[in-house]
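Now for the letters of each chain:
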Amino acid sequence: MGFTTLEEIIKFAVQREETAYQLYKNAAETSTSIAARKMFEEMAAEEKGHKEVFSKIDLAEAAGFGARTAPDMKLSEYLVDIPLRPNMTYQEILTYAIKTEEAAYQLYKAAAEMTDDPKLKKTLQVFADVEKGHKLRVENLYDEHVLTEN
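All figures in this text were calculated on a predicted structure; none of them were measured in a lab.

Position of Thr100 among the secondary structure elements: in helix 4 (residues 90-113). If we skip the residues at most four places from it in the chain, Thr100 touches Arg16, Leu23 and Tyr24.

Now the structure itself:
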């Protein structure tokens, strides 16, 4: 990842969100579980929304974004990687989503650490925060629907 301009980072973010959207969309289409399909459709819609937000970022305003902090349950550290396949259980779907969002968060966080440009750093940190928030949402579902049931 050799980012040198804010435009390159935004293009990369848009591409990453499109990839995530396609992944979740395809997962929804191939899943035979109604719960899995619904969850992947929601995830696809959210990634599509992220792509639209990132596509519309005004470069002049990007420097004005503030980073937000969100608690991290760190569930991804304790979950085993799950391959994408039809007939996934709800728990497997949530595990897969948590791992995917953690990877996106780590990607943007690492990219932010690679630059000394304050505007680039801040923008990438905002992108990381968005993905962390998405992961937190799925972790909360996991906590509510999996951990409390076991």
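Text resumes after the structure shown.
With 79% of its residues at a pLDDT of 70 or more, the chain shows a mean pLDDT of 77. Looking at the elements of the chain, mean pLDDT is at its lowest for helix 3 (residues 59-62), recorded as 58, and at its highest for helix 2 (residues 34-55), recorded as 85. Every residue in residues 65-70 scores below 50 in pLDDT, and together they form 10 contacts with partners more than four places removed in sequence or on other chains.

A few words now on the packing of aromatic side chains. Within this structure, the stated rule accounts for three aromatic pairs. A ring pair is formed by Phe40 and Tyr96, whose centres lie 6.2 Å apart and whose planes are at 80°; its orientation type is edge-to-face. Of this pair, Phe40 sits in helix 2 while Tyr96 is found in helix 4, placing the two residues 56 residues apart along the sequence. Both residues of the pair, Phe40 and Tyr96, belong to the buried class. Summarising the aromatic geometry, the rings of Tyr108 and Phe127 are spaced 5.6 Å apart at their centres and angled 70° between planes, so their arrangement reads as edge-to-face. Taken as a pair, Tyr108 in helix 4 and Phe127 in helix 5 (residues 118-147) lie far apart in primary sequence, 19 residues in all.

This paragraph deals with the packing of helix 2 against helix 5. It is the contact of helix 2 with helix 5, at a shortest axis distance of 12 Å, that shows an interaxial angle of 165°. Considering the angle they form, helix 2 stands roughly antiparallel to helix 5. The interaxial crossing formed by helix 2 with helix 5 has right-handed handedness. Across from Met39, Glu42, Met43, Glu46, Glu47, His50 and Phe54 in helix 2, the residues of helix 5 making contact are Phe127, Val130, Glu131, His134, Arg137, Val138 and Leu141. Among the residues forming the contact of helix 2 with helix 5, the class breakdown is seven nonpolar, two polar and five charged.

What follows concerns the environment of Thr148. Along the chain, Thr148 turns up in the segment after helix 5. On the basis of relative accessibility, which here comes to 56%, the residue Thr148 falls in the exposed class. Within the local environment of Thr148, its side chain forms a polar contact with the backbone oxygen of Glu144, the two atoms lying 2.3 Å apart.

Analysis parameters
Residues numbered from 1 in each chain as written. Predicted model: local features only at pLDDT ≥ 70, side-chain atom pairs only at ≥ 80, totals over all residues. Heavy atoms only, no water. Helix = DSSP H or I, 4+ residues; strand = E, 2+ residues; numbered from the N terminus. Contact = heavy atoms within 4.5 Å. pLDDT = per-residue confidence, 0-100. Phe/Tyr/Trp six-rings, centres within 6.5 Å; stacked < 30°, edge-to-face > 60°. Buried < 20%, exposed > 50% of the residue type's maximum accessible area, 1.4 Å probe, protein only. Axes fitted to C-alpha atoms, helices over the stretch in contact; angles between N-to-C directions. Parallel < 35°, antiparallel > 145°, perpendicular 65-115°, else oblique. Left-handed = near helix turned anticlockwise from the far one by under 90°. Nonpolar A, V, L, I, M, F, W, Y, C, P; charged D, E, K, R; others polar. Polar contact = N/O pair within 3.5 Å; in protein donor to acceptor, adjacent residues only side chain to side chain.

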